[in-house]
Amino acid sequence: MRRQGIREAVTDHLTENRAIYLFTTVLFLIGIIFGAIIVNSLSLTQKHDLYMYVSQFFGQVSQGDLAEPAAIFSQSFVHYAKYFGLMWILGLSMIGLPVILVLLFLKGVVVGFTVGFLVNQMGMSGFFLSFVSIMPQNFILVPAFIIVGTASISFCLKMVRQQFVKKANIPVLPQFLRYSLLVFSVGGVVTLASAFEAYISPVLMRFVINS
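What counts, and where the lines are drawn
Residues numbered from 1 in each chain as written. Predicted model: local features only at pLDDT ≥ 70, side-chain atom pairs only at ≥ 80, totals over all residues. Heavy atoms only, no water. Helix = DSSP H or I, 4+ residues; strand = E, 2+ residues; numbered from the N terminus. Buried < 20%, exposed > 50% of the residue type's maximum accessible area, 1.4 Å probe, protein only. Contact = heavy atoms within 4.5 Å. Areas by Shrake-Rupley, 256 points an atom, 1.4 Å probe, with all protein chains shown as cover. Lys, Arg positive; Asp, Glu negative; His and termini not counted. Charge placed at Lys NZ, Arg CZ, Asp CG, Glu CD. pLDDT = per-residue confidence, 0-100. Salt bridge = Lys/Arg side-chain N within 4 Å of Asp/Glu carboxyl O. Core = buried A, V, L, I, M, F, W, Y, C linked by side-chain atoms within 4.5 Å.

S.K.: Could you give an account of the overall build of the protein, naming the residues involved and the relevant values?
M.R.: If you tally the helices and strands in the protein, you get nine helices and zero strands. Looking at the 211 residues of the protein, the share that counts as buried comes to 36%. For the protein, restricting intrachain contacts to residue pairs at least 6 apart in sequence, the fraction spanning at least 24 positions comes to 81%. A total of about 12600 Å² of accessible surface is found on the protein, and carbon and sulfur atoms cover 70% of it. One finds the centroid of the 13 positive side-chain charges in the protein at a distance of 14 Å from the centroid of its 7 negative side-chain charges.

What follows is the structure, encoded as structure tokens:
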């Protein structure tokens, strides 16, 4: 019965927010494309400086000179948790809607720029490096960001309707509890993504660099 209730809640959530999910997904994809375009707009000097920095980082990876995995895990976890927490807070404010959209767009830009730069400068080696260092945790994080972003936008819009549409009589507390529970549940993937980034990605990067 409990599984059926969860399944129904997920189905209702997806049905209710289908248009927002479509919008946030397209926005994120546009961010990826924009990030890849930015790579081509960089000057030769900027590309050289970035490439030197990236080469130095991968040199440290190949020699095993990175920080301890526990430190990387803590840093990644705090970073992602703050990102999710910020979107949750913005969803509670009627003026937070545009900022949520900007955060989703910027997340796409970062992914697109990073992958685009590595491929642009290093060819297939850059592709394989981006595949093992960037893509795995983002396969987890990107859907989570889209879900949390969509939930935040949806709650924000409900608050707007509650405030400005007289006929809208939406009980706030149950909506808030469902919204917070969803963000907290999805935010649990931060632990998994951070663990992968700290303990597995360096090993995979070292294998690709030294092969």
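S.K.: Give me the lowdown on the confidence of the model for the protein, citing residues and values where you can.
M.R.: Summing up the model confidence of the protein, the mean pLDDT is 83 and the portion of residues at 70 or higher is 92%. Highest mean pLDDT in the protein belongs to helix 2 (residues 18–41) (92); lowest belongs to helix 1 (residues 2–16) (71).

S.K.: With reference to specific residues and values, describe the environment of Ala144.
M.R.: Within the secondary structure, Ala144 is located in helix 7 (residues 135–164). For the pair Ala144 and Gly187, spaced 43 residues apart in sequence, the C-alpha separation works out to 7.2 Å. In this view, Ala144 contacts Phe84, Val186 and Val189; residues no more than four positions away in its chain are not counted.

S.K.: So what about the pattern of salt bridges? Which residues, and what values?
M.R.: Considering all chains together, one arrives at one salt bridge under this definition. For Lys158, the salt bridge is made with Glu16, and the minimal N-O distance between the two is 3.1 Å. With Lys158 in helix 7 and Glu16 in helix 1, this pair connects stretches of sequence that are 142 residues apart.

S.K.: Requested: an account of the nonpolar core, with residues and values cited.
M.R.: In terms of nonpolar packing, the biggest core is built from 23 residues, with Phe84, Met87, Ile100, Leu104, Leu141, Phe145 and Val148 touching the most fellow members. Looking at which element gives the most residues to this core, the answer is helix 7, with eight residues. Those residues in contact with Ile100 that lie beyond four places of it in its chain are Met87, Leu90, Gly91, Gly149, Ser152 and Ile153. Of all hydrophobic cores here, the second largest spans twelve residues; its members include Val39, Val115, Phe117 and Leu129.

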